[in-house]
Amino acid sequence: MPDRTHLTGYSRMELIALFEEMGEPRYRADQVFRGLHERRLTSFDAMTDLPKTLRERLNETAAASALKIESRYTSVDGTRRFLMRTLDGNPVEAVFIPTENRDTICFSSQSGCALDCDFCLTAKLGLLENLTAGEIIEQIILVLNDVYGVGGETPHGTNLVAMGEGEPFMNFKNLTRAIEIMADEKGLFIVPGRITVSTAGVVPKIHEFAALERRPNLAISLSAANDELRDRIMPVNKRWPINELLSAAKNFEKTLKRGERFTFEYVLLGGVNDSDEQAQELAGLISRHNLRKVKVNLIPHNPAEQLEYQPSTPEQVKRFKAILESNGVSAYVRTPRGRDIYAACGQLAAKQEPNLVQIAKR
Ligand code: SAH
């Protein structure tokens, strides 16, 4: 069942059932669903198509919002980072990343994270809470409203990546529920094909994900090609080592349609996992597991004071990519976005930055 009071986490069908229980007609549930997801309203009072008595009743028993934007930062490259809070005061971060012909919103699945990857700042927060489906969806609503105005048209379409705070597959139920609700054509209408879920390698959930009927794209954060190193930088590997992870990836690959691919993400840590030999090792691993529909996204490490790692040199990034390619593996280097406002991969740690320029409050 959805969170009892935050109606943003209800599917249209569940909302209809709830309204039936309340003795309200079905079309009222439709109005509220459209109000929350299509018009992106965050209060019942703004739903002026509802009778005042119903708005009052909803205000007494339910909520149209469970997140507050605490601060917003804008990067020289146009990226925006939003620091939000749950009602319990836990941080939730989302990042708006504009590119020429599409927008990407990076959202959080948890507040903090339990996985303790050594190169990631979110890990330092520990796990604070699993976000509800409503909280996951509301991040998208608040970001779109901030950029395009409340309910405003989104001219470029919206891609979503579950690459903010948290490990999405440690909050699988709420995540898949949110994805289903966001796909509703009477709501946000962001279909699973526009969404990418990134996991550090929670193997049983990769299998579960593979079996979903309408499912998003999958990215797996690999970042090391042998267990000895991966155990060290991504402790989740001790529970689900590389062989199991790649078997799950192979199983997922089998369910892909023609032309579809999935991704390995590989954070390049200078002098740790970026040597020529390690590139060869990664290519070997991919070939040994007979993975044919994988592309590798190389992510230059985003450094931070509390992290011991350094980025690879640009020359080494090029070499690493070239070695993969010469072994028949497609590889891309991801350009870091929003580094100056701590919005890039692995930098989300709920930082309040008095010295950063905040976007003027509307
Ligand atoms: N827990 C999920 C979702 C987080 S996605 C996962 O691990 O996949 C965040 C991506 O950023 C992951 O691929 C992660 O490996 C990467 N990342 C983490 N810290 C980073 C850093 N400091 N610099 C660059 N990328 C980093």
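Residues numbered from 1 in each chain as written. Predicted model: local features only at pLDDT ≥ 70, side-chain atom pairs only at ≥ 80, totals over all residues. Heavy atoms only, no water.

(A) Representation of the site of the ligand. Phe119, Glu167, Ser198, Ser221 and Asn302 are the nearest of the 20 residues found near the ligand. Take Gly166: an N or O atom from its main chain is 3.1 Å from a nitrogen atom of the ligand. In the environment of the ligand, a nitrogen atom lies 3.2 Å from a nitrogen or oxygen atom belonging to the side chain of His301. Residue assignment for the shell around the ligand shows that the elements contributing at least two residues are β8 (195-199), β10 (262-268) and β11 (294-300). The residue inventory of the shell around the ligand, partitioned by class, reads ten nonpolar, eight polar and two charged. (Near = heavy atom within 4 Å. Polar contact = N/O pair within 3.5 Å; in protein donor to acceptor, adjacent residues only side chain to side chain. Helix = DSSP H or I, 4+ residues; strand = E, 2+ residues; numbered from the N terminus. Nonpolar A, V, L, I, M, F, W, Y, C, P; charged D, E, K, R; others polar.)

(B) View of helix α2 (residues 26-38). Compared with the 18 Å implied by 1.5 Å per residue over 13 residues, the 17 Å span of α2 between its first and last C-alpha is a close match. Turning to α2, its buried residues are Arg28, Ala29, Asp30, Gln31, Val32, Phe33, Gly35, Leu36 and His37. Where the residues of α2 are buried, they touch α1 (12-21), α3 (52-61), α4 (133-148) and α5 (172-182). Directly beyond the C-terminal end of α2, a positive phi value near 55 degrees is found at Arg40. (Expected span 1.5 Å × (residues − 1). Buried < 20%, exposed > 50% of the residue type's maximum accessible area, 1.4 Å probe, protein only. Contact = heavy atoms within 4.5 Å.)

(C) Broad picture of the nonpolar core. Ranked by internal contacts, the top residues of the largest apolar core, which has 99 residues, are Leu7, Val32, Phe264 and Val296. A per-element tally of this core places α4 first, with eight residues. What Val32 contacts, discounting residues up to four positions off in sequence, is Leu7, Leu15, Phe19, Phe44, Met47, Leu50 and Leu58. One finds Ile97, Val161, Ile341 and Ala343 within the second-largest nonpolar core, a separate group that totals eight residues. (Core = buried A, V, L, I, M, F, W, Y, C linked by side-chain atoms within 4.5 Å.)

(D) Seen up close, the sheet that holds β8. With mixed pairing, the ten strands of this open sheet are ordered in space as β1-β2-β3-β4-β7-β8-β9-β10-β11-β12. Two strands close off the open sheet at either side, each with one partner strand: β1 (67-74) and β12 (330-333). Neighbour-to-neighbour, the strand axes of the sheet open up by a mean angle of 25 degrees, direction not taken into account. Running over the sheet, α5 touches β7 (158-162) and β8 and is turned about 170 degrees from β8. (Pairing = 2+ DSSP bridges. Axes fitted to C-alpha atoms, helices over the stretch in contact; angles between N-to-C directions.)

(E) View of the domain arrangement of the protein. Structurally, the protein comprises domain 1 (5-63) and domain 2 (67-361). Between domain 1 and domain 2, the C-alpha centre-to-centre distance is 32 Å. Listed by partner, the interface residues are 17 residues for domain 1 and 22 residues for domain 2. Regarding the contact of domain 1 and domain 2, the summed buried area is about 1500 Å², with carbon and sulfur atoms giving 54% of it. Taken as a group, Arg12, His37 and Arg40 account for 40% of the area that domain 1 buries against domain 2, more than any other trio of residues on that side. Linking domain 1 with domain 2 are two salt bridges, by the criterion used here. For Asp184, the salt bridge identified is with Arg12, shortest N-O distance 2.9 Å. Taken together, the links from domain 1 to domain 2 amount to seven residue pairs in polar contact (both at pLDDT 80 or more). Contributions of two or more residues to the side of domain 1 that touches domain 2 are made by α1 and α2. Across the side of domain 1 that touches domain 2, the residue classes tally to four nonpolar, six polar and seven charged. (Domains from an automatic or database assignment. Buried area = accessible area lost by both parts, 1.4 Å probe. Salt bridge = Lys/Arg side-chain N within 4 Å of Asp/Glu carboxyl O.)

(F) Structural detail: the environment of Pro51. Turning to its location among the elements, Pro51 is positioned in the loop between α2 and α3. The partly exposed category is assigned to Pro51, whose relative accessible area is 30%. Between the alpha carbons of Pro51 and Arg28 there is a distance of 9.7 Å; along the sequence they are 23 residues apart.

(G) Focus on the side chain of Arg230. On the secondary structure map, Arg230 appears in helix α7 (residues 227-233). No salt bridge is formed by the buried Arg230; its nearest oppositely charged neighbour, Asp227, is found at 6.3 Å. Here Ala200 takes part through its backbone oxygen, which lies 2.9 Å from a polar atom of the side chain of Arg230. For Arg230, the residues in contact, after removing those within four places along its chain, are Ala200, Ser221, Leu222, Ala224, Pro235, Asn237, Trp240, Ile242 and Leu245. (Lys, Arg positive; Asp, Glu negative; His and termini not counted.)

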